[in-house]
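Take a look at the letters that make up each chain.
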Amino acid sequence: MARQEKLSPEAIGEMYNQLTDSCADAFGGNLHVGYWTDDYDEAPVAQATDHLTDLVAERLEVVPGERVLDVGSGTGRPAARIATARDVHVTGVTLSEYQVRLAESRPGAGQGQGHADFQLADAMWLPFDDASFDAAYAIESLVHMENPAAVLGEIARVLRPGGRFVVGEWYLLGPLADDDAADLEHFSRSFNVHFLPTVEEFYEEMDRAGLKIEIFHDIWPNISRSFQLVGDILPASAIQLGGEIGEQLAVCAEMYRRFGEIPQISYALFTAVRR
């Protein structure tokens, strides 16, 4: 068997960027799940993922001219959509230079009211003054934080008192069976998942940071369709791409599908307020 050549950092980075693009394509330009109102809702995936963004925007309860922080801004689509729809200024932060460049190319990107700007920054050390934002949100980004307590503390620091923090995130309903725990461990290693708490742990972490959860709403029935759709879309993309990136994408699709089948995994949309 021929020895497999080690990928260069540049090649690994390019693979990650292609995976990001493929996943965003599967989710209609976003990097988060879709929201369907009921089993009869036939909205395409792009509309459904935008619907989840709109629900986050509603819960922010911002008024024109206010400043909003997007923690883990991904492709920039949610930030640009919220900035335009709510006539606010959204600042997105991410650890990916590629995502910053992608987000900055979007219509609606820019400075000032009604626009979104994007910065390369670590959420554990936000480069903003105390109480400099009126609201903040995080859509499927907290699970990737190596030190969630530090991140939540920073979010609380940069929020003004009374400012709202809206989160769309995975959580655990309870203990896992051995097979499910093994699948989750594999998924977590592959997708850099560090923080998958129970409801009680969410409340405890938020409270320690100075954030009080006011609404905790499980929306699993509304988002679960995302797994089937991605399971259908990503394999086709993998075949089209071919090569190692195609193989990686096929593996990602299977892990994502299995993650969605773990019975103790669920998804919540919740709102906290800075005390």
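Quick caveat, the model's predicted, so the values are computed rather than measured. Throughout this document, residue positions are counted from 1 along each chain, in the order its sequence is written. Only residues with pLDDT of at least 70 get local features here, since the model is predicted, and only at 80 or more are side-chain atom pairs given and counted; chain-wide, interface and lining totals rely on the full set of residues. As a rule here, side-chain values cover all heavy atoms of the structure and leave hydrogens and water aside.

Brief notes about the overall build of the chain
The secondary structure listing takes helices from DSSP runs of H or I that are at least 4 residues long and strands from runs of E that are at least 2 residues long, numbered from the N terminus. Of regular secondary structure, the chain possesses 10 helices and 7 strands. Note on contacts: a residue pair is in contact if any heavy atoms of the two residues lie within 4.5 Å. Contacts spanning at least 24 positions in sequence make up 77% of the contacts within the chain whose residues lie at least 6 apart.

Here's the deal with the pairing of strand β1 (residues 67–71)
With 4 of 5 residues buried, β1 is to be regarded as a mostly interior element. Pairing between two strands is assigned when DSSP locates at least 2 bridges connecting them. Bridge count between β1 and strand β2 (residues 89–94): 5 bridges; the pairing is parallel. Along β2, the bridge assignment pairs D70 with G92. Here β1 pairs with strand β4 (residues 133–139) via 3 bridges, running parallel. Across the sheet, L69 pairs through a bridge with A136, a residue of β4. Under the scheme applied here, a residue whose accessible area is under 20% of the maximum for its type counts as buried, over 50% as exposed, and between as partly exposed, the area being computed with a 1.4 Å probe on protein chains only.

Details of the confidence of the model for the chain
The predicted model of the chain averages 90 in pLDDT, with 89% of residues at 70 or higher. Across the chain, each position has a pLDDT score giving the predictor's confidence in that residue, from 0 to 100. The low-confidence segment residues 1–7, where pLDDT is below 50, has 4 contacts with residues more than four positions distant or belonging to other chains.

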